[in-house]
Amino acid sequence: MTDVVVVGGGIAGLVTARDLAKGGANVVLVEASGVLGGMIRRHTVGGIDLDMAADSFATRTDAVGSLAIELGLGNDVVAPDPRGAWLMTRDGRTAPIPATGLLGIPSTPMAADVLAVVGQKGGLRAQMDSLLPGPVGAKAESLGELVRRRMGERVLDDLVVPIAGGVHSTHPDHLDPERVAPGLRAALLREGSLARAVLALRARAAAGTPVQGIRGGIARLVDELVADMETYRVDVRLHTRATRIEAHAVDVVSADGTVDRLPAQHTLSSVPDPERTTAPDRTGIELVTLVVDQPELDAAPRGTGMLVHPDAQAVSAKALTHATVKWPWLADVAGGRHVLRLSYATTATDPAGAATSLPVDPADSVGSRALQDASTLLGVPIAADRVSGAARVGWYGPDLTAPGLAEGVAGIGEATSGRGLAGIIAAARKTAGQILHS
Ligand SMILES: Cc1cc2nc3c(=O)[nH]c(=O)nc-3n(C[C@H](O)[C@H](O)[C@H](O)COP(=O)(O)OP(=O)(O)OC[C@H]3O[C@@H](n4cnc5c(N)ncnc54)[C@H](O)[C@@H]3O)c2cc1C
């Protein structure tokens, strides 16, 4: 009998299957699509291989870095360009993101880079934080309320809304401070001011950059993990969809309609319970990638990219990554051209079309909107005849309404551990370790 059946061949399933098989377990990995990697995959735009979604990982733990070393990619772990990103405020002004904040909360409210965004009045109001008694705002239920009470509306709206809101795709009034900034509340009470609490948390964070990438792209992690499936003899079944996941068996159906039941000592799933999942409309994002030959962009006019206030009217994009500035290795590959990636909010009614890279004509509505937004955001007009490649990819979910897994099924991946490689990989490896030692 199989020791473990792992459902879903995204990064979570691959990491878990590898650890289990390496530890001597007999593992079957079932993946509904024809490829492994899930959301981690690459596409080719204008002849350049690019990550289709994730391009970096958080360094708050060493989970991804140590996996990269184990996979032989240690020498290719790289930091992004230190120039940092910019933001566009609600009224369309652009300025660099202040250097020493946390989720947009400044540690020095009167610093020049903060005043450039919030103005003198906004800075003075934020400075009042240092005069307020420590407990003010400490019991706030949301990050928004906490910042509003300590530093005022301008810091909240001009900095925290685009930055924290952009990272977590929701208004700070709906973000739990303990979840998005663990320790901030306690530091506020200890330090007596929010600015000093931010400073204390930043000092505690690991030295170096908060994110890193991999030369050649994050998808190289998947390349190595896929190679290890063979090395450690994981029985990988592509085009095999789990239809029922129980503690000791997984029912699957293959592309030709063949139904099978896979008994196992343990079952692990990185997908919501297929039996209990409905298919609600989901809000997602669409990424539009442009490869352009525009020498004026060599000067990196907006650093590594821009975050846009959700109510800004000047553009419809929510963010722009100037990927060839952010990743010097990519600039080398692109040979003087620039890679720009814009993200747009979108509502999906058919997540089946997700994760597919579709070519874009710079003259069609998607292409011309992206060109216009990129021109506005970067302050450099970009003409359609400068575009040597363009593509769009839709990403939807996760399905937060999906109920949990059946009793006895161990959850891994985004559905259980939340979005982001650092948390997913750490939790997946812990689960694999527990099974091996059970
Ligand atoms: C646009 C975008 C940008 C991102 N950027 C970053 C970033 O920069 N840094 C970062 O850390 N994270 C980023 N993320 C998040 C990160 O990519 C994901 O959290 C992570 O890849 C999820 O991995 P997973 O294995 O949990 O799920 P998935 O990658 O979704 O894998 C699940 C797999 O299960 C398969 N499957 C589904 N149903 C079934 C079934 N019934 N039976 C069998 N198989 C099934 C799917 O086909 C898929 O292959 C980004 C995500 C997106 C969409």
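Residues numbered from 1 in each chain as written. Predicted model: local features only at pLDDT ≥ 70, side-chain atom pairs only at ≥ 80, totals over all residues. Heavy atoms only, no water.

(A) Region of interest: the overall build of the chain. Tallying secondary structure elements over the chain gives 14 helices and 22 strands in all. Here the chain has a C-alpha radius of gyration of 23 Å; the compact-globule value for 438 residues is 22 Å, and the two agree. C-alpha extents for the chain along the principal axes are approximately 70 × 55 × 40 Å. The 438 residues of the chain split such that 49% are buried. Summarising the internal contacts of the chain: among those between residues at least 6 apart in sequence, 72% fall at separations of at least 24. Taking the average place of the 41 positive charges on the side chains of the chain and the average place of its 48 negative ones, the gap between the two points comes to 6 Å. (Helix = DSSP H or I, 4+ residues; strand = E, 2+ residues; numbered from the N terminus. Rg over C-alpha atoms; globule rule 2.2 N^0.38 Å. Buried < 20%, exposed > 50% of the residue type's maximum accessible area, 1.4 Å probe, protein only. Contact = heavy atoms within 4.5 Å. Lys, Arg positive; Asp, Glu negative; His and termini not counted. Charge placed at Lys NZ, Arg CZ, Asp CG, Glu CD.)

(B) The nonpolar core, seen in detail. Within the largest apolar cluster, 38 residues are counted, with the highest numbers of intra-cluster contacts made by Val6, Ile11, Leu20, Val27, Leu221, Leu421 and Ile425. Where this core is concerned, the elements lending two or more residues are strand 1 (2-7), helix 1 (11-22), strand 2 (27-30), helix 2 (63-70), helix 9 (219-231) and helix 14 (421-436). Sequence-distant contacts of Val6, that is, excluding residues within four places in its chain, are made with Gly13, Ala17, Leu20, Val27, Val28, Leu29, Val30, Leu268 and Ile412. (Core = buried A, V, L, I, M, F, W, Y, C linked by side-chain atoms within 4.5 Å.)

(C) Spotlight on the pairing of strand 18 (residues 319-322). Burial of the side chains of strand 18 extends over both faces: Ala319 and Thr321 are buried on one face and Leu320 and His322 on the other. Of the strand pairs in this sheet, strand 17 (residues 305-308) and strand 18 are connected by three bridges, and their pairing is antiparallel. Among the inter-strand pairings, Met306 is bridged to a residue of strand 18, identified as Leu320. (Pairing = 2+ DSSP bridges.)

(D) Summary view of the sheet that holds strand 11 (residues 211-214). As summarised here, the arrangement of the three strands in space is 5-11-6, forming an open sheet in which the pairing is antiparallel. What marks the edges here is a single partner per strand, and that holds for strand 5 (57-58) and strand 6 (77-78). When strand 6 meets strand 11, the two strands line up antiparallel, connected through two bridges. By the bridge assignment for strand 11, Val77 is matched with Ile214.

(E) Quick peek at the environment of Glu246. One can find Glu246 in strand 13 (residues 240-246). A C-alpha to C-alpha distance of 7.4 Å links Glu246 and Glu407, two positions 161 residues apart in sequence. Those residues in contact with Glu246 that lie beyond four places of it in its chain are Arg261, Thr267 and Val409. A polar side-chain atom of Glu246 sits 3.3 Å from a polar atom in the side chain of Arg244. (Polar contact = N/O pair within 3.5 Å; in protein donor to acceptor, adjacent residues only side chain to side chain.)

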